[in-house]
Amino acid sequence: MKKIKLIRMYIICLCLMSSVLLSACTQKAVVPDAPDLDSESVNQTIDRETEQANESEQADETGQMNELEQTDESEQVNEPKQTADSPSRELTQEEIAFFDEYLSTSGNWGFLLSVYASPEDIDLNELFYSGAGLSGWTLTEEEAADFIEASGGAEIYTDVVHLTTPQIDAFLLERTGLSYVQMNKQLDWVYSVQTDTWYSQAGDTNWRPFACVGGTVSDDVYTLYMRAEDPYPGYLEEVYETVLKKNGDGYQFVSNLLMEE
């Protein structure tokens, strides 16, 4: 009987243990299974993310380009507009006659006696040889004494042209825009330090007649064709290209070049 009781108790214990285990299993949380991602799905996801990143980068670059274009357009608006140079035209007969007379005056024809590509190369000895309309030919007693002292005792044989440095500077500034010290070919005359005066004995003149035979104008720049006329038959008649620039009521000499035959 005792053996039968023990077997019953053993069976009861097994049943109790089984019920406890089943209860514990049913109380565990149910976790949903993770989706099964194959390699194709993973690649598609990566491609979409890469495409979105590229689109974002392109949008940023487009925005930067638009900002640069707007900046360039604003700068172009502020920049001065480029205008083409005014076209040149032929001088009228009235203008030719005017320059023919203008360049025959004592203060201007000396600029035609040397060849130069820019005004600092004008030969001042030729320009002022006859006084350029600034000097008389006679000397006062004080000027004669000053010349003799400055020249070291030279005798006076002919007329003497005399110009002060302020006279020369004012004349050159008006007609070339340069002062005396800016010229490359300075005077080789007698110079008096005491009176700041230049002296030159000249018994003749270097005057030479010129005729304006045509020209053009562009803005305020006049290109004239000046023919050197000589009274002797068969003498070579040279033609110069003389460039002047309008300066207030007058003109400045820019260049004077001998044209080829």
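Residues numbered from 1 in each chain as written. Predicted model: local features only at pLDDT ≥ 70, side-chain atom pairs only at ≥ 80, totals over all residues. Heavy atoms only, no water.

Colleague: Can you explain the sheet that holds strand E8 (residues 250–258)? Please cite residues and give values.
Modeller: The strand order across the open sheet formed by 5 strands is E1-E5-E6-E7-E8, and the pairing between neighbours is antiparallel. In this open sheet, the two edge strands, each paired with only one partner strand, are strand E1 (89–90) and E8. Of the strand pairs in this sheet, strand E6 (residues 221–228) and strand E7 (residues 239–247) are connected by 7 bridges, and their pairing is antiparallel. Bridge pairing in E7 places Met226 opposite Tyr240. Across the sheet, helix H3 (residues 93–102) is in contact with E1, strand E5 (210–218), E6, E7 and E8; its angle to E5 comes to roughly 125 degrees. (Pairing = 2+ DSSP bridges. Helix = DSSP H or I, 4+ residues; strand = E, 2+ residues; numbered from the N terminus. Contact = heavy atoms within 4.5 Å. Axes fitted to C-alpha atoms, helices over the stretch in contact; angles between N-to-C directions.)

Colleague: Can you lay out unusual backbone geometry for me, pointing to particular residues and giving the numbers?
Modeller: With a phi close to 55 degrees, Ala132 is a non-glycine residue in the positive phi region. The residue Ala132 is located in the loop between helix H4 (124–127) and helix H5 (141–151) in this model. Using a relative accessible area of 6% as the deciding quantity, one classes Ala132 as buried. A positive phi angle, close to 50 degrees, is found at Asp196, a residue other than glycine. Along the chain, the position of Asp196 falls in the loop between strand E3 (190–192) and strand E4 (197–201). (Buried < 20%, exposed > 50% of the residue type's maximum accessible area, 1.4 Å probe, protein only.)

Colleague: Which residues make up the packing of aromatic side chains, and what values go with them?
Modeller: Under the definition given, this model contains 14 aromatic pairs. Ring geometry for Phe98 versus Tyr102: centroids 5.7 Å apart, planes at 20 degrees, classification stacked. Of this pair, Phe98 and Tyr102 both sit in helix H3, 4 residues apart, which is roughly one turn of the helix. For Phe98, a relative accessible area of 38% translates into the label partly exposed. Considering the side-chain rings of Phe111 and Phe253, the 4.1 Å spacing of their centres and the 10 degrees angle between planes classify their relative orientation as stacked. Placement of the pair is Phe111 in the loop between H3 and H4 and Phe253 in strand E8, with a sequence separation of 142 residues. The pair Phe111 / Phe253 is uniform in exposure class, with both members buried. Among the aromatic residues, ring-to-ring pairing joins Phe98, Phe99, Tyr102, Tyr222 and Tyr251 into one connected group. (Phe/Tyr/Trp six-rings, centres within 6.5 Å; stacked < 30°, edge-to-face > 60°.)

Colleague: Residues and numbers for H3, please.
Modeller: Regarding H3, the residues found buried are Glu95, Ile96, Phe99 and Tyr102. The arc that holds every buried residue of H3, seen down its axis, measures 130 degrees, which confines them to one face. Of the exposed residues in H3, those oriented more than 90 degrees away from the buried face are Gln93, Glu94 and Glu101. Where H3 is buried, its residues meet E1, E5, E6, E7 and E8. (Arc of directions from axis to C-beta.)

Colleague: Tell me what's going on with the confidence of the model for the chain, and back it up with residues and numbers.
Modeller: On average, the chain scores 79 in pLDDT, and the residues at 70 or more come to 64%. Counting contacts from residues 24–37, a segment whose pLDDT is below 50, to residues more than four positions away or on other chains yields 1 contact. Low confidence marks residues 71–83, where pLDDT is under 50. Its contacts with residues over four positions away, or in another chain, come to 0 contacts. (pLDDT = per-residue confidence, 0-100.)

Colleague: An account of the sheet that holds E3 is needed here, citing residue identities and associated values.
Modeller: Spatial strand order, E2-E4-E3: 3 strands in an open sheet with antiparallel pairing. Among the strands making up the open sheet, the edge pair consists of strand E2 (160–164) and E3. Each strand of the sheet is rotated relative to its neighbour by a mean of 25 degrees, with strand direction disregarded. Bridging between E2 and E4 involves 5 bridges; their strand directions are antiparallel. Considered in E4, the bridge of Leu163 is made with Trp198. In this fold H5 packs onto E2, E3 and E4, with an angle of close to 110 degrees to the strand it touches most, E3. Along the sheet face, helix H6 (residues 165–176) touches E2, E3 and E4 and points at about 75 degrees away from the line of E2.

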